Amino acid sequence: YTSIFQPSSNKNIAGDYLDPEEGNSIEVGLKGAFFGDRLNASAAYFELEQDNAAVKDGVNLTPEGGQAYLAVDGAEVNGYDFTVAGELLPNWNIQAGYTYTKATDAKGDVLDPSVPKQLVKLFTSYQWNDLMLGGGVNWQSEIHEKGAQGLKAEYNKQDAYYLVNLMARYHVRPDLSIGLNINNLLDEEYKVNVSNSWGTARNMTASMNFKF
């Protein structure tokens, strides 16, 4: 259980800083270790009640031209999180997580639709002698701009999407290894936020690591 008092760096349409965010939060969870402590798992539920929660205006800007924010009272945030990390079998590792978050204002409307409600992350790797191969998927639910209408609403949104990443690393000798990472393998076009900041296209990175 935690009480919150957080000064805000966000400004409203008049250019004034918002009042500090105040509220209370509670979190309860479980953690466990399996397979001789090689694999760790956790589950948590969280709930937050907050006043003066900073939410993007969605329409107006500050006098300086920055994004204006609104202070929302009676905000409620709740959700849950699951994570698994460790070794499933000898030389086979996994990291996985799922997060669900629901945030609403006092009227029950979505507080900030520019934040994804669901997130999924999965990465696994296998070590075979001196070679390690791995791959993963990141997925998130749709997002859009609060209050946007017409063409702006159609453009300032991002449907649910997933990214696929691959990696390989080979130990040439104990002190020398080479690696290759491929990010966004399927060359997915996506926005990292509703302000039209586009994500990185497919890219590859080769590396060589030498330990003295």
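Note: the structure precedes this text.
Remember, predicted model here, so these are calculated numbers, not experimental data.

### Points about the side chain of Gln 140
- By secondary structure assignment, the location of Gln 140 is in strand β9 (residues 131-140).
- Residue class for Gln 140 comes out buried when judged on its relative accessible area of 13%.
- When neighbours within four sequence positions are excluded, Gln 140 is seen to be in contact with Pro 116, Gln 118, Leu 119, Ala 160 and Tyr 161.

### Considerations on the pattern of salt bridges
- If you walk through the whole model with that rule in mind, you get four salt bridges.
- The partner of Arg 38 in a salt bridge is Glu 87, with the nearest N and O atoms 3.4 Å apart. Taken as a pair, Arg 38 in the loop between β2 (21-34) and β3 (39-51) and Glu 87 in strand β6 (residues 75-89) lie far apart in primary sequence, 49 residues in all.
- Since its relative accessible area comes to 38%, Arg 38 is described here as partly exposed.

### A word on the pairing of strand β8 (residues 118-128)
- Inspection of the sheet shows strand β7 (residues 92-104) paired to β8 by nine bridges, in the antiparallel sense. Within β8, the residue paired with Ile 94 across the bridge is Thr 124.
- By the bridge criterion, ten bridges tie β8 to β9 in an arrangement that is antiparallel. Note on β9: the bridge partner recorded for Lys 121 is Asn 138.
- In textbook terms, the turn of a hairpin is the stretch between consecutive antiparallel strands, and for β8 and β9 this stretch comprises two residues, one of which, Asn 129, has a positive phi near 55°.

### Thoughts on the side chain of Gln 50
- Counting through the fold element by element, Gln 50 comes out in strand β3.
- A residue is classified by how much of its surface remains accessible, and Gln 50, at 11% relative accessible area, is buried.
- Polar contacts involving the side chain of Gln 50 include one to the side chain of Glu 21, which spans 2.8 Å.

### Here's the deal with a nonpolar patch on the surface
- A contiguous nonpolar surface patch, about 360 Å² in accessible area, is contributed by Val 28, Tyr 45, Tyr 80 and Phe 82.
- When you line up the elements, Val 28 lands in strand β2.
- Using a relative accessible area of 54% as the deciding quantity, one classes Val 28 as exposed.

### Structural notes on the sheet that holds strand β14 (residues 203-210)
- Spatially, the ten strands line up as an open sheet ordered β1-β2-β3-β6-β7-β8-β9-β12-β13-β14, and their pairing is antiparallel. This sheet does not close on itself; its edge strands, each paired only once, are β1 (2-6) and β14. Direction aside, neighbouring strands of the sheet carry axes that sit 15° apart on average.
- Pairing of β3 with β6, which is carried by twelve bridges, proceeds in the antiparallel orientation. If you follow Glu 47 over to β6, its bridge partner there is Asn 78.

### Focus: the environment of Leu 119
- Looking at the element boundaries, Leu 119 is found in strand β8.
- On the basis of relative accessibility, which here comes to 33%, the residue Leu 119 falls in the partly exposed class.
- Distance from Leu 119 to Ala 168, taken between C-alpha atoms, is 25 Å for residues 49 residues apart in sequence.
- Discounting chain neighbours no more than four positions away, the residues touching Leu 119 are Gly 97, Tyr 98, Thr 99, Trp 139 and Gln 140.

### Some words on the packing of aromatic side chains
- Scanning the entire structure with this criterion turns up five aromatic pairs.
- With a centroid separation of 4.8 Å and an interplanar angle of 25°, the aromatic rings of Tyr 161 and Tyr 190 are classed as stacked. Of this pair, Tyr 161 sits in strand β12 (residues 161-173) while Tyr 190 is found in the loop between β13 (176-183) and β14, placing the two residues 29 residues apart along the sequence.
- Judged by relative accessible area, Tyr 190 falls into the buried class, the value being 9%.
- Taken together, the ring pairs in this structure connect Tyr 80, Phe 82, Tyr 98 and Tyr 100 into an aromatic cluster.

Rules used in this analysis
- Residues numbered from 1 in each chain as written.
- Predicted model: local features only at pLDDT ≥ 70, side-chain atom pairs only at ≥ 80, totals over all residues.
- Heavy atoms only, no water.
- Helix = DSSP H or I, 4+ residues; strand = E, 2+ residues; numbered from the N terminus.
- Buried < 20%, exposed > 50% of the residue type's maximum accessible area, 1.4 Å probe, protein only.
- Contact = heavy atoms within 4.5 Å.
- Salt bridge = Lys/Arg side-chain N within 4 Å of Asp/Glu carboxyl O.
- Pairing = 2+ DSSP bridges.
- Polar contact = N/O pair within 3.5 Å; in protein donor to acceptor, adjacent residues only side chain to side chain.
- Patch = residues over 30% accessible without salt bridge, like charges linked within 9 Å, V, L, I, M, F, W, Y side chains within 5 Å.
- Areas by Shrake-Rupley, 256 points an atom, 1.4 Å probe, with all protein chains shown as cover.
- Axes fitted to C-alpha atoms, helices over the stretch in contact; angles between N-to-C directions.
- Phe/Tyr/Trp six-rings, centres within 6.5 Å; stacked < 30°, edge-to-face > 60°.

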